[in-house]
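Listed here are the chains, written in short residue letters.
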Amino acid sequence: MVTSVAATEAQARDDSRERSRDAEARGGEREDGIVGELHEGLSNFLMMIVGLHVAYLFLFKRPLARFMLFIAAPKPRGVAPDRAS
């Protein structure tokens, strides 16, 4: 009886570890408690701030955004090249 209980407990621990490893391999999350939740919340907040920053640059500071992305400034229209005659 004692050996069957010990074997059952060992099997339950092995199954639990296997499920945990399978969840991590599939990209699942482990439960880290309050620290994990805080980390996830702060990372989501940071992504929102980055998105707002990029949107602000493209909406109001387009020349600065073009400079930061190493895109050449557009040439002014209607200006003919200076030709020496």
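1. Thoughts on the overall build of the chain
Scanning the chain from terminus to terminus reveals three helices and zero strands. Listing the helices and strands of the chain from first to last along the sequence gives α-α-α. Here the chain holds 85 residues, and the buried ones make up 2% of them. Only carbon and sulfur atoms are counted for the fraction: they give 63% of the accessible area of the chain, which is about 8,300 Å².

2. Description of the confidence of the model for the chain
Considering every residue of the chain, the mean pLDDT works out to 77; 69% of them sit at 70 or more. Mean pLDDT values over the elements of the chain span from 68, in helix α1 (residues 2-25), up to 93, in helix α2 (residues 34-60).

Reading the values: rules and limits
- Residues numbered from 1 in each chain as written.
- Predicted model: local features only at pLDDT ≥ 70, side-chain atom pairs only at ≥ 80, totals over all residues.
- Heavy atoms only, no water.
- Helix = DSSP H or I, 4+ residues; strand = E, 2+ residues; numbered from the N terminus.
- Buried < 20%, exposed > 50% of the residue type's maximum accessible area, 1.4 Å probe, protein only.
- Areas by Shrake-Rupley, 256 points an atom, 1.4 Å probe, with all protein chains shown as cover.
- pLDDT = per-residue confidence, 0-100.

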